[in-house]
Structure formats: structure tokens, C-alpha cells
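Below are the chains, spelled out letter by letter.
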Amino acid sequence: VCSSDLQHHHRWSGDQAAGESEQAVWYSRLKLDLPNLGEVVAAVSLQAGGLQIHFQASSDTAGLLQTQKPRLQGQLAAAGLNLLGATINDEPKRS
């Protein structure tokens, strides 16, 4: 069973009243329940300089994500996206 929960937000940075330039920041949060990896939550923000991703997963899955971070950065670069940062946090397994 694979399920997902997607949330999407859009916000502007900068003080529009003061006439500063507007910069869109897109934010999405994905919650996936994957058969072999379990629950993985990815919070992604996209701004002018590139992409930031924060992952939350079980200890085993977090370790796997950590080892694959260079591959993720390479694939994003090939797609023309700069990875500004990727953090991976683990959570204890639920019994």
C-alpha cells in the first residue's frame, strides 16, 4: 500500500509596502508510506537560488537517504536545479 499526503503553500518574502522586490518561495510537504521504506516525509522549498529539502524517516531509511544524497544532488543539477541543502532526520521505530 502506498499513500501520500501533499500540502502546498506559496508565500512572498520581502516587504511589499516598502517597495522591496518580491521573491516567491514555494513550499510543499509530502508524506509517503512506501512498501520497502516505510513512512517518509519530505518538506521541499523552492526559491530563486534553488531547492531545499528536509526528510524525516525511520533510522534505517534515513541512513539510506543519507547515502543517496550525492545522487539526489547530481540528478537535481542535471535537471537545472541547485540543491541549497538537504537535511535528513530519523525517528525511532514504532513498535
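Only a predicted model underlies this, so the values are computations on that prediction, with no experimental measurement involved.

Visitor: How should I be thinking about the overall build of the chain in this particular structure?
Guide: The helix and strand tally for the chain stands at 2 helices and 5 strands. Written out in order from the N terminus, the α and β elements of the chain read β-β-β-β-α-α-β. Within the chain, buried positions represent 20% of all 95 residues. Of the contacts made within the chain by residues no fewer than 6 positions apart, 39% connect residues no fewer than 24 positions apart. About 6,400 Å² of surface is accessible on the chain, with carbon and sulfur atoms providing 52% of the total.

Visitor: How do you make sense of the pattern of salt bridges when you look at a structure like this?
Guide: Oppositely charged side chains are able to pair whenever their charged atoms sit close together. Applying the stated criterion across every chain, the model contains 1 salt bridge. E39 is the partner of K31 in a salt bridge, and the nearest nitrogen-oxygen pair spans 3.9 Å. Residue K31 is classed as partly exposed on the basis of its relative accessible area, which comes to 32%.

Visitor: Got a minute to help me understand the nonpolar core in this structure?
Guide: Grouped burial of nonpolar side chains is what soluble globular proteins tend to show. Of all hydrophobic cores here, the largest spans 11 residues; its members are V40, A42, L51, I53, F55, A57, A62, L76, L83, A86 and I88. Of all elements in the fold, only β3 (38-47), β4 (50-58) and β5 (83-91) reach the threshold of two or more residues within this core. With 4 residues, β4 is the largest single contributor of residues to this core. Apart from the residues within four sequence positions on either side, A62 is in contact with A57, I88, N89 and D90.

Visitor: What is the right way to look at the confidence of the model for the chain in this model?
Guide: Regions with low pLDDT should not have their predicted coordinates read in detail. Scored by pLDDT, the chain comes out at a mean of 81, with 73% of its residues at no less than 70. Here residues 12-20 is a poorly scored stretch, pLDDT under 50, and it has 11 contacts once near neighbours within four places are set aside; other chains count.

Visitor: What is the right way to read the environment of A42 from this model?
Guide: Relative to the helices and strands, A42 resides in strand β3. Take A42: its relative accessible area is 10%, and that puts it in the buried class. Here the alpha-carbon distance between A42 and Q56, two residues 14 residues apart in the chain, equals 6.6 Å. Excluding residues within four positions of it along the chain, A42 makes contact with S28, R29, L30, H54 and F55.

Parameters and conventions
- Residues numbered from 1 in each chain as written.
- Predicted model: local features only at pLDDT ≥ 70, side-chain atom pairs only at ≥ 80, totals over all residues.
- Heavy atoms only, no water.
- Helix = DSSP H or I, 4+ residues; strand = E, 2+ residues; numbered from the N terminus.
- Buried < 20%, exposed > 50% of the residue type's maximum accessible area, 1.4 Å probe, protein only.
- Contact = heavy atoms within 4.5 Å.
- Areas by Shrake-Rupley, 256 points an atom, 1.4 Å probe, with all protein chains shown as cover.
- Salt bridge = Lys/Arg side-chain N within 4 Å of Asp/Glu carboxyl O.
- Core = buried A, V, L, I, M, F, W, Y, C linked by side-chain atoms within 4.5 Å.
- pLDDT = per-residue confidence, 0-100.

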